[in-house]
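Chain residues, written in single-letter form:
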Amino acid sequence: MMSTIKRGVSLYSYQDEFYTGKMTLEDCIREAAKTGATGIEFLPEQMLPTFPNISDDFVKQWHEWLEKYGVEPVAYDAFLDNKLFANRMLTTSENVDMMKRDLKIANRLGCKILRTLVSTPLEVVKQSLPYAEEANVKIALEVHAPFTFGTPWFEERLDYIKESGTKWFSIMPDFGIFTKRIGSIFQDAYIRKGGTPEIIKLVSDNYEKGIHRDETFESVSKMKNATEADKAFAEFCRHFVYTDPEILVNNMPYISHIHGKFYDITEDLQETSIPYHDVITTLKNAGYNGYICSEYEGNRHIQDYMEVDSIEQVKRHQALLKNVIG
């Protein structure tokens, strides 16, 4: 059976080269298109110096680029700046105004999905739904480690989606919630920081065996010979989570978009931490037909000793997706 899953790229993947000035926004779009991806996910707050003031000229230029490279806008990644002021948090109505602003920008850029974060209060989403409908943009809640399906925070939001029957609030799983192993990219980074190879391996093995992360952290903390880097690694691993991909099946009606998080794709097109084959096969069998957008996040774990090559990593990731989606 031919799968209808579509492949896209989040421009977040190229943040290293964008930040250092090696790539412009147009370069990012061009490189994403070269991989065979057809969709673009965009973070205006990260990539547009004038944000939130987006000129008509930019919008025109944006659509011209997408047409030139044969790709379509898919998702707009929004942030909610709750701490704009040093002396107070934003009020609900100020948050809703911000959401309304982002929904309008997403609509101008042609994105049908607006990614919102864990930290967005549910009340803000509820009050923003009429504006989402008006803008014809669906708000999608990113399910991101260490939160996952089954955590109270997430279940409260999922219950609201189910009970309200709204079409304008959905979920966006991030592949990071399926981290089965602590990949070598992370282990090597902490060994370079002074970690003890045997202790780093023990922490990783425990994680893969399903031993609770907190338990491992406690035991490493008590080890006489553990270095600060060993303890930091055990703490770092507490933020990963492995969720059985089968959880996606019953929640398929509420999933509108997916972040194909990845940390390191080897030359033979394997992701060293996340069982891509299992997750995508589950999505295929459950009839998912939206986008999976490449989201490269391994850059920060190798910057200390080598040149980041996001272009190559995204290319490999797209090839991996293509192989598994079939």
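Right above here is the structure, for reference.
Residues numbered from 1 in each chain as written. Predicted model: local features only at pLDDT ≥ 70, side-chain atom pairs only at ≥ 80, totals over all residues. Heavy atoms only, no water.

How should I be thinking about the overall build of the protein chain in this particular structure?
Counting its secondary structure elements, the protein chain contains 14 helices and 8 strands. Relative to the globule expectation of 20 Å for 326 residues, the C-alpha radius of gyration of the protein chain, 20 Å, shows essentially globular dimensions. Dimensions of the protein chain, computed from C-alpha atoms along their principal axes, come out at roughly 60 × 50 × 40 Å. For the protein chain, long-range pairs separated by at least 24 residues make up 79% of all intrachain contacts whose partners lie at least 6 apart in sequence. In the structure as shown, the protein chain presents an accessible area of about 14900 Å², 51% of it carried by carbon and sulfur atoms. (Helix = DSSP H or I, 4+ residues; strand = E, 2+ residues; numbered from the N terminus. Rg over C-alpha atoms; globule rule 2.2 N^0.38 Å. Contact = heavy atoms within 4.5 Å. Areas by Shrake-Rupley, 256 points an atom, 1.4 Å probe, with all protein chains shown as cover.)

Just checking my understanding: could you explain the nonpolar core for this structure?
Most often, soluble globular proteins have nonpolar side chains that are buried together. Membership of the largest hydrophobic core comes to 98 residues, with the highest contact counts inside it found for L11, I29, F175 and L283. When residues in this core are grouped by element, the largest group, 7 residues, is from helix α5 (residues 92-109). Judged by nonpolar contacts, the second largest core, of 7 residues, contains A75, A140, M172 and C293. (Core = buried A, V, L, I, M, F, W, Y, C linked by side-chain atoms within 4.5 Å. Buried < 20%, exposed > 50% of the residue type's maximum accessible area, 1.4 Å probe, protein only.)

I'm lost on α5 in this one. Help?
Turn by turn, an α-helix covers 3.6 residues, leaving residues three or four places apart pointing in a common direction. Taking 1.5 Å per residue, 18 residues should reach 26 Å; α5 reaches 26 Å between its end C-alpha atoms and fits that length. Among the residues making up α5, those that are buried are N95, V96, M98, M99, D102, L103, I105, A106 and L109. (Expected span 1.5 Å × (residues − 1).)

Looking at this model, I keep getting lost on the pattern of salt bridges. Mind explaining?
Note that side chains of opposite charge can pair when their charged atoms are close. Taken as a whole and assessed by the stated rule, the structure comprises 22 salt bridges. When the shortest N-O distance is used, the salt bridge between E31 and K34 registers 3.2 Å. Of this pair, E31 and K34 are both found in helix α2 (residues 25-34), 3 residues apart, which corresponds to roughly one turn of the helix. The salt bridge partner of R238 is D214, with a shortest N-O separation of 3.0 Å. Of this pair, R238 sits in the loop between α11 (228-236) and α12 (247-251) while D214 sits in helix α10 (residues 213-222), placing them 24 residues apart in sequence. With a relative accessible area of 24%, R238 lands in the partly exposed category. Of the residues examined, D214 reaches a relative accessible area of 32% and is grouped as partly exposed. Through salt bridges with shared partners, a single ionic network connects D174, K261, E295, E297 and R300. (Salt bridge = Lys/Arg side-chain N within 4 Å of Asp/Glu carboxyl O.)

Looking at this structure, how should I read the packing of α5 against helix α6 (residues 122-135)?
Between two packed helices, what matters for the description is the angle formed by their axes and the separation of those axes. Packing of α5 against α6 leaves a shortest axis separation of 9 Å and a crossing angle of 30°. Between α5 and α6, the crossing angle belongs to the class labelled roughly parallel. Handedness of the α5/α6 crossing: right-handed. Each of T92, N95, V96, M99, K100, L103 and N107 in α5 lies in contact with α6, whose residues at this interface are E123, V124, V125, Q127, S128, Y131, A132 and A135. Its residues assigned to classes, the contact of α5 with α6 comprises 8 nonpolar, 5 polar and 2 charged. (Axes fitted to C-alpha atoms, helices over the stretch in contact; angles between N-to-C directions. Parallel < 35°, antiparallel > 145°, perpendicular 65-115°, else oblique. Left-handed = near helix turned anticlockwise from the far one by under 90°. Nonpolar A, V, L, I, M, F, W, Y, C, P; charged D, E, K, R; others polar.)

Is there a simple way to explain the side chain of S13 in this structure?
Its location among the elements puts S13 in the loop between β1 (6-10) and α1 (15-19). Within the local environment of S13, its side chain forms a polar contact with the backbone oxygen of S10, the two atoms lying 2.9 Å apart. Apart from residues no more than four positions distant in its own chain, S13 is found in contact with S294, E295, Y296, S310 and V314. (Polar contact = N/O pair within 3.5 Å; in protein donor to acceptor, adjacent residues only side chain to side chain.)

Which parts of the structure should I look at to understand unusual backbone geometry?
Among all residues save glycine, negative phi is the norm, and among peptide bonds the norm is trans. The omega torsion of the bond from F51 to P52 falls at 5°, within 30 degrees of zero and hence cis. Structurally, P52 is set in the loop between α3 (44-47) and α4 (56-69). Note that the residue after A145, namely P146, is joined by a cis bond; omega there is 5°. Within the secondary structure, P146 is located in the loop between β5 (138-143) and α7 (152-164). Phi at N136 takes a positive value of approximately 60°, unusual for a residue other than glycine. By secondary structure assignment, the location of N136 is in the loop between α6 and β5. In this structure N136 comes out as partly exposed when scored by relative accessible area, which is 39%. The backbone of L269 shows a phi angle near 60°, a positive value even though the residue is not glycine. Along the chain, the position of L269 falls in the loop between β7 (258-262) and α13 (276-285).

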